[in-house]
Amino acid sequence: MNELSVNHLLGIKYLNQADIDLIFKTADHFKEVINRPIKKVPSLRDITIANLFFENSTRTRLSFELAEKRLSADIINFSSSSSSVSKGETLIDTVNNILSMKVDMVVMRHPNPGAGIFLSKHIEASIINAGDGTHEHPTQALLDSYSIREKLGEVKGKKVVIVGDILHSRVALSNIFALKLQGAEVKVCGPKTLIPKHIESLGVTVEFNLRKALDWCDVANMLRVQNERMEISYFPSTREYTQQFGLNKAILDSLNKEIIIMHPGPINRGVEITSDVADSSQAIILDQVQNGVAIRMAVIYLLASKIKP
Ligand code: CP
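Residues numbered from 1 in each chain as written. Predicted model: local features only at pLDDT ≥ 70, side-chain atom pairs only at ≥ 80, totals over all residues. Heavy atoms only, no water.

## Description of the overall build of the protein
No. 1: Looking only at helices and strands, one finds eleven helices and nine strands in the protein.
No. 2: What you see for the protein is a C-alpha radius of gyration of 19 Å, in line with the 19 Å of a compact globule of 309 residues.
No. 3: Its C-alpha atoms give the protein principal-axis dimensions of about 55 × 45 × 35 Å.
No. 4: Relative to its full complement of 309 residues, the protein shows a buried share of 54%.
No. 5: Pairs at least 24 residues apart make up 74% of the contacts formed inside the protein by residues separated by at least 6 positions.
No. 6: Here the protein has roughly 13,900 Å² of accessible surface; of this, 50% comes from carbon and sulfur atoms. (Helix = DSSP H or I, 4+ residues; strand = E, 2+ residues; numbered from the N terminus. Rg over C-alpha atoms; globule rule 2.2 N^0.38 Å. Buried < 20%, exposed > 50% of the residue type's maximum accessible area, 1.4 Å probe, protein only. Contact = heavy atoms within 4.5 Å. Areas by Shrake-Rupley, 256 points an atom, 1.4 Å probe, with all protein chains shown as cover.)

## Description of the domain arrangement of the protein
How big an interface is tends to be stated in terms of accessible area lost as the parts join.
No. 1: Looking at the assigned domains, one finds that the protein contains domain 1 (12–136 + 290–304) and domain 2 (138–288).
No. 2: Between domain 1 and domain 2, the C-alpha centre-to-centre distance is 25 Å.
No. 3: When the two sides are added together, the surface that domain 1 and domain 2 hide from each other amounts to roughly 2,400 Å², 59% of it contributed by carbon and sulfur.
No. 4: Where domain 1 touches domain 2, the interface holds three salt bridges.
No. 5: Residue lysine 31 is joined to glutamate 150 by a salt bridge in which the shortest nitrogen-to-oxygen separation is 2.6 Å.
No. 6: For the interface between domain 1 and domain 2, the tally reads 15 residue pairs in polar contact (both at pLDDT 80 or more).
No. 7: Listed by contribution, the elements that provide at least two residues to the side of domain 1 that touches domain 2 are α1 (17–34), α2 (59–70), β3 (105–110), β4 (126–132) and α11 (285–304).
No. 8: The dominant element in the side of domain 1 that touches domain 2, judged by the number of residues it contributes, is α1, at seven residues.
No. 9: Taken together, the residues of the side of domain 1 that touches domain 2 sort by class into eleven nonpolar, eleven polar and nine charged. (Domains from an automatic or database assignment. Buried area = accessible area lost by both parts, 1.4 Å probe. Salt bridge = Lys/Arg side-chain N within 4 Å of Asp/Glu carboxyl O. Polar contact = N/O pair within 3.5 Å; in protein donor to acceptor, adjacent residues only side chain to side chain. Nonpolar A, V, L, I, M, F, W, Y, C, P; charged D, E, K, R; others polar.)

## Re α1
No. 1: Taking 1.5 Å of rise per residue, 18 residues should cover 26 Å, and α1 covers 25 Å from first to last C-alpha, within 8% of that figure.
No. 2: For α1, every residue scored as buried is listed here: Asp19, Ile20, Leu22, Ile23, Phe24, Thr26, Ala27, Phe30, Lys31, Val33 and Ile34.
No. 3: Where the residues of α1 are buried, they touch α2, α5 (138–152), α6 (170–181) and α11. (Expected span 1.5 Å × (residues − 1).)

## Examining the sheet that holds β3
No. 1: Strand order across the open sheet formed by four strands is β2-β1-β3-β4, with parallel pairing between neighbours. Each end of this open sheet is capped by a strand with a single partner; those strands are β2 (74–79) and β4. Recorded for the sheet is a direction-independent mean angle of 15° between the axes of neighbouring strands.
No. 2: Across five bridges, strand β1 (residues 48–53) lies against β3 in parallel orientation. By the bridge assignment, phenylalanine 53 is partnered in β3 with arginine 109. (Pairing = 2+ DSSP bridges. Axes fitted to C-alpha atoms, helices over the stretch in contact; angles between N-to-C directions.)

## What about the site of the ligand?
No. 1: As a structural note, the neighbourhood of the ligand is formed by Ser57, Thr58, Arg59, Thr60, Arg109, His137, Gln140, Pro264 and Gly265.
No. 2: Between the ligand and threonine 58, the relevant distance is 2.8 Å, taken from an oxygen atom to a main-chain nitrogen or oxygen of the residue.
No. 3: Its free accessible area being 260 Å², the ligand has 92% of it covered by the protein chains.
No. 4: For the ligand, the cavity whose grid points lie within 2 Å of the majority of its atoms is the largest pocket.
No. 5: Two domains each provide a minimum of three residues to the shell around the ligand, namely domain 1 (12–136 + 290–304) and domain 2 (138–288). (Near = heavy atom within 4 Å. 1 Å grid on protein atoms, 1.4 Å probe; cavity = no way out; pocket = protein on both sides within 12 Å on 5 of 7 lines; lining within 4 Å. Sits in = over half its atoms within 2 Å of the grid points.)

## Focus: unusual backbone geometry
No. 1: Residue proline 266 is bonded to the preceding glycine 265 through a cis peptide linkage, with omega at -10°.
No. 2: Looking at the element boundaries, proline 266 is found in the loop between β9 (260–262) and α10 (275–278).
No. 3: With a phi close to 65°, histidine 198 is a non-glycine residue in the positive phi region.
No. 4: You can see histidine 198 is positioned in the loop between β6 (185–189) and β7 (205–207).
No. 5: Assessed through its relative accessible area of 62%, histidine 198 is described here as exposed.

## Overview of the packing of α5 against α6
No. 1: In contact at an axis separation of 8 Å, α5 and α6 are set at 50° when each is read in the N-to-C sense. Judged by the inter-axis angle, α5 sits oblique to α6. In this structure, the crossing between α5 and α6 has a hand that is right-handed. Every residue of α6 that contacts α5 at Pro138, Gln140, Ala141, Asp144, Ser145 and Ile148 is listed here: Val171, Ser174, Asn175, Ala178 and Leu179. (Parallel < 35°, antiparallel > 145°, perpendicular 65-115°, else oblique. Left-handed = near helix turned anticlockwise from the far one by under 90°.)

Pasting the structure below:
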């Protein structure tokens, strides 16, 4: 197969194994390109992409922008805080105004789950979901799996534990879909209040004891507690959360094996992970960021190749 089964990247749940294989194969090529002295290819000189960020971002926004520039696309950047959204303009009106400037593709981060799906029903352009509320963050999950594959050879059969605020995490949901699709075993670990009910229906197991989860896994993906999405307290105190679910060097060194440590960022150092773990040789956090550019180049390139002239 040399084209994706989808015209938008709205979530991992809409992809199949062949789509992921194709994205990874294409990312392998672009990873080689971005390590050349001239890091740019002319592939998308005829494509214009709008990056619409209705929610804060560092990694995803910069990574998409760099991926688009490496592919020679024309880009426009929109941030809701400095836009007419603050004057009451709707999502559809905002996007239609941008599309009337002949934009082919939209990369959108939005606080509302399903915002990209909603938009895809109302506009012609190809849409990439750069994170929609607590729903999905598909390119993050793709770069996470790609980084596991790079480090361990393959994803199939690997044991991955996702630790922390599973309830509010789009990274967790997209990772579960991506990892299960590729044949990994997935466990989630965190306070009972931050584990969604019935999560086992997604084919994962639940462990409330961090030590047991770490003894089991090959890879631990440590998530940030998303205080900004919480209207109530889900655990007594940050200190207590860290005592039970924070990863520190003493725990890591006491395991009788080397596991891989991942984190999607931004990191709360000293809460879900200590600095000496985040900066250790077992952490691949900056590899994840680096791989994000190649993955996003691959996704943009493959979706752009489906746009009718
Ligand atoms: N991983 C991630 O989505 O980070 P940002 O919120 O900085 O984009």
